[in-house]
Amino acid sequence: MRTPLVAGNWKMHGSRASNRALLDAVLAGIETLAGIECAVCVPYPYLGEVAGRLAKTRLAWGAQNLSEHLQGAFTGEVSAPMLAEFGCRYVLVGHSERRQLYGETDAVVAAKFAAVLAHGMTPVLCLGETLEERDAGRTEQVVGRQLAAVLGLNEKNAFKKAVVAYEPVWAIGTGRTASPEQAQAVHAFLRSGVFPETRIIYGGSVKPGNAATIFAMPDVDGGLIGGASLVAGDFTAIARAAQRKG
Ligand code: PGA
């Protein structure tokens, strides 16, 4: 049995005051939910404060990125040991915005994944195809390549703990979601490369109105939520949709 995971990706949004209000409302909204895991991945400067606020609550927290290096002359970077020291649980690796805007290659993503695992945290490996790649019928080839790069540097057993997030690039922040069947097809393909117990979550314009039908698919184990994670009522409604699955 895979425990559904609903993780918020705040991206570069928030302020100390708005974070407090958002977390309070989310905590109130998920208080009575059982059988699922919820998490928020917040910008670095807020990690310490958020860790304090969420200690002993049922909302876990994570980071959105990290360096593949452990320490050294890497100005502006944050390492796995630093995140681990704050009690970080999840770290997103290979989000398409990192791949597209900051030139992260499959090899860099694989190294980041290894760094997260080596420090006792759970990597959330993001992968997905562009619209052009989908239209060319290359979806499986692309996500297969992205997964293979990580498997090349890491033991397959790593995926007993790691989470995979299928996020078609064309669905992120566009209001356009993969249909439940499209998501299921890619998740089933990815599952064949990992384990029956690996959680594979879907991301890309998940909203309260579409979450339940996507989460109803047998290989969709929850969601990675961008825009809707900034609205407490939307995030908690999506978490409720995942609970019905659990
Ligand atoms: P979205 O973002 O829900 O706003 O599409 C998802 C993500 O980028 O993780």
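Look up a bit, the structure's there.
Residues numbered from 1 in each chain as written. Predicted model: local features only at pLDDT ≥ 70, side-chain atom pairs only at ≥ 80, totals over all residues. Heavy atoms only, no water.

### Some remarks on the overall build of the chain
- Along the chain, the regular secondary structure elements total ten helices and eight strands.
- Taking 246 residues into account, the globule formula puts the C-alpha radius of gyration at 18 Å, and the chain, at 17 Å, falls close to it.
- Within the chain, the fraction of its 246 residues that count as buried is 53%.
- In the chain, the proportion of contacts linking residues at least 24 apart, taken out of those at least 6 apart, comes to 73%.
- Within the structure as shown, the chain displays about 10500 Å² of accessible surface, and the carbon and sulfur contribution to it stands at 55%.
- Placing the 24 positive and 22 negative side-chain charges of the chain at their respective mean positions leaves the two points 5 Å apart. (Helix = DSSP H or I, 4+ residues; strand = E, 2+ residues; numbered from the N terminus. Rg over C-alpha atoms; globule rule 2.2 N^0.38 Å. Buried < 20%, exposed > 50% of the residue type's maximum accessible area, 1.4 Å probe, protein only. Contact = heavy atoms within 4.5 Å. Areas by Shrake-Rupley, 256 points an atom, 1.4 Å probe, with all protein chains shown as cover. Lys, Arg positive; Asp, Glu negative; His and termini not counted. Charge placed at Lys NZ, Arg CZ, Asp CG, Glu CD.)

### Regarding helix 10 (residues 232–245)
- Taking 1.5 Å per residue, 14 residues should reach 20 Å; helix 10 reaches 20 Å between its end C-alpha atoms and fits that length.
- Residues of helix 10 that are buried include every one of Ala232, Phe235, Thr236, Ala237, Ile238, Ala239, Ala241 and Ala242, and no others.
- Taken together, the buried residues of helix 10 touch strand 1 (5–9), helix 1 (16–30), strand 2 (37–41), helix 9 (208–215) and strand 8 (222–225). (Expected span 1.5 Å × (residues − 1).)

### Re the site of the ligand
- Around the ligand sit 13 residues in total, of which Lys11, His95, Glu167, Gly173 and Ser205 are the nearest.
- Within the side chain of asparagine 9, one N or O atom sits 3.5 Å away from an oxygen atom of the ligand.
- For the ligand, an oxygen atom lies 2.7 Å from a polar atom in the side chain of lysine 11.
- In isolation the ligand has 280 Å² of accessible area, and contact with the protein removes 97% of it. (Near = heavy atom within 4 Å. Polar contact = N/O pair within 3.5 Å; in protein donor to acceptor, adjacent residues only side chain to side chain.)

### Concerning the side chain of serine 79
- Structurally, the position occupied by serine 79 is in the loop between strand 3 (59–63) and helix 3 (80–85).
- Among the polar contacts listed, one links the side chain of serine 79 to the backbone oxygen of leucine 70, at a separation of 3.4 Å.
- In this structure serine 79 touches Leu66, His69 and Leu70, once residues within four positions along its chain are discounted.

### Topic: the packing of helix 1 against helix 10
- Orientation of helix 1 relative to helix 10, taken along the N-to-C sense of each, is 30 degrees, at an axis distance of 9 Å. As judged from the angle between their axes, helix 1 and helix 10 are roughly parallel. Crossing hand, helix 1 versus helix 10: right-handed. Residues Leu22, Ala25, Val26, Gly29 and Ile30 of helix 1 lie in contact with helix 10, whose contacting residues are Ala232, Phe235, Thr236, Ala239 and Arg240.
- Of the residues belonging to the contact of helix 1 with helix 10, the class tally is seven nonpolar, two polar and one charged. (Axes fitted to C-alpha atoms, helices over the stretch in contact; angles between N-to-C directions. Parallel < 35°, antiparallel > 145°, perpendicular 65-115°, else oblique. Left-handed = near helix turned anticlockwise from the far one by under 90°. Nonpolar A, V, L, I, M, F, W, Y, C, P; charged D, E, K, R; others polar.)

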